[in-house]
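Structural overview for review
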Amino acid sequence: MPGNDSSAPKRKRPLGLKARAAKKSNNTDSTASTSEVKDFDEANTATIMLRGDEGDEIDELEGIFDSAIEAINNEDERALTLLRGTIHESDRILRLYDNDGKTPEARFYYIYGTALFNFSELLEAEEESTTYLELAHHRLTQAQEQMAEEPFAWRVYLMLAKAGLELATKSKAEVNKVDTALQDLDRALQTLEKQQKNEVPTEESPSVRLEALAAADMVLSLADSQRLPEISSARLVQWAEATARNQHTKQADCESNLVIARALWLQASALLVDDEEDEVKEKDLYSKLLNEAQLLLEKEGEEKASSEALLLLGEVQLNLGNVQDEEDRQEKLYKQAVATFRLVQSRGELPEQFAQFIDDFENPTDSDEESN
């Protein structure tokens, strides 16, 4: 590697964490109590069943929506059918209101918009997905315009942000859309915090801290996905780090440590000029970012740390080793990375590229030695 006169075999490195981008975050919001809906064999069965129930139509709509969200969380194949039923019923209710010259309440638009968003996330056809996503953002905007001090107001802003960020990946004006979405995330957290100051907390009350860290983690996943230009991704990482640091406590705090470390890792990754040759811009800054990430990830202790945190720690150690000029320091970091990856391997959760690094490090080939 450049600047390293080591005679030791060059170690092959695994792929970066770009391939480890998190799955798209789906909304899990809903607290309404509802009876279970079963046996949906046709696309509009959900809608048909709703029409036969007694009571307020929007309460009934919320019931089928809750079932759809539960199906999503459980990776139930009925999710698409249930969401489609929610959307069909929402459209029917909206037409009834339009015919009467009335406007539905904010809760209706929140349910409608959130169902559309989740439906767009499950569709494979890009063009069709975008159509539903745009309509989702429109319905959520209507919810925002209608709401006052509703307890779900913060969730409306959260869903507006999710839809806005997803639309940003499909837009030429992504910078403005990203900034608007981040403002919506700020409003969501501010609204939740204000709401909780005026209420007696219960076991079911959402945590401002955990919601903030979840939002930051979601934003980092998008930044890591390479679906946005660098300037927008950098803006996302900046927001996520600031949000996580604002929630950080002096005590052992594995949740915020991991989010901050991910942000630092992504900032460091942006400094890579040539990943294959370990060429970086501002090497001192690169090392500083990774060293801080390593310290944060090591605070929890390896045995208690999640596999996700350990994988990131191992990659941080490995990449720090790649830019070392001193052979002893480089070897030490590589050995630390191997030990960290082995711990994840013992849990049966080590991706192939990291297993390959362990093998390459412990069993260097003649070609590796000659290439050095």
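Just so it is clear, the structure is predicted and the values come from calculations on it, not from any experiment.

Quick notes on the nonpolar core
In globular proteins that are soluble, nonpolar side chains generally tend to be buried together. Core analysis: the largest hydrophobic core is formed by 105 residues, its most contacted members being Leu185, Val219, Leu236, Trp239 and Phe341. At twelve residues, helix 6 (residues 153-168) tops the list of elements feeding residues into this core. Aside from chain neighbours lying at most four places away, what touches Leu236 is Leu165, Val178, Leu182, Val219, Leu222, Ala223 and Leu228.

Overview of the packing of aromatic side chains
The way to describe two aromatic rings as a pair is by their centre distance and the angle between their planes. Applying the stated criterion across every chain, the model contains nine aromatic pairs. Note on Phe357 and Phe361: the rings are 6.1 Å apart at their centroids and 35 degrees apart in plane angle, and the pair reads as tilted. In this pair, Phe357 and Phe361 are both assigned in helix 14 (residues 352-362), four residues apart and thus about one turn of the helix distant. Phe361 shares its class with Phe357; the two are buried. Grouping aromatic residues by their ring pairs yields a cluster made of Tyr334, Phe341, Phe354, Phe357 and Phe361.

Side note on the pattern of salt bridges
With the rule as written, the count across this model stands at 18 salt bridges. The closest approach of N and O atoms between Asp56 and Arg107, which form a salt bridge, is 3.9 Å. Of this pair, Asp56 sits in the loop between helix 1 (45-51) and helix 2 (57-73) while Arg107 sits in helix 4 (residues 106-122), placing them 51 residues apart in sequence. Classification of Asp56 by relative accessible area gives partly exposed; the value is 40%. The partner of Asp184 in a salt bridge is Arg187, and the shortest N-O contact between them spans 2.8 Å. Residue Asp184 and its partner Arg187 are both found in helix 7 (residues 174-197); the two are separated by three residues, about one turn of the helix. Overall, the relative accessible area of 6% leaves Asp184 in the buried class. Judged by relative accessible area, Arg187 falls into the partly exposed class, the value being 34%. Several salt bridges converge on common partners, so that one network encompasses Asp56, Asp59, Glu62, Glu105 and Arg107.

What to know about unusual backbone geometry
A positive phi angle, close to 55 degrees, is found at Glu75, a residue other than glycine. Note on placement: Glu75 falls in the loop between helix 2 and helix 3 (79-99). The phi torsion at Glu282 lies on the positive side, around 50 degrees, for a residue other than glycine. If you trace the backbone, Glu282 turns up in the loop between strand 2 (279-280) and helix 11 (283-298). Judged by its relative accessible area of 53%, Glu282 falls in the exposed class.

Notes on the environment of Leu266
As for its placement among the helices and strands, Leu266 is situated in helix 10 (residues 254-269). Take Leu266: its relative accessible area is 9%, and that puts it in the buried class. Taking the C-alpha atoms as reference, Leu266 lies 9.6 Å from Leu290; in sequence the two are 24 residues apart.

Conventions and cut-offs
- Residues numbered from 1 in each chain as written.
- Predicted model: local features only at pLDDT ≥ 70, side-chain atom pairs only at ≥ 80, totals over all residues.
- Heavy atoms only, no water.
- Core = buried A, V, L, I, M, F, W, Y, C linked by side-chain atoms within 4.5 Å.
- Buried < 20%, exposed > 50% of the residue type's maximum accessible area, 1.4 Å probe, protein only.
- Helix = DSSP H or I, 4+ residues; strand = E, 2+ residues; numbered from the N terminus.
- Contact = heavy atoms within 4.5 Å.
- Phe/Tyr/Trp six-rings, centres within 6.5 Å; stacked < 30°, edge-to-face > 60°.
- Salt bridge = Lys/Arg side-chain N within 4 Å of Asp/Glu carboxyl O.

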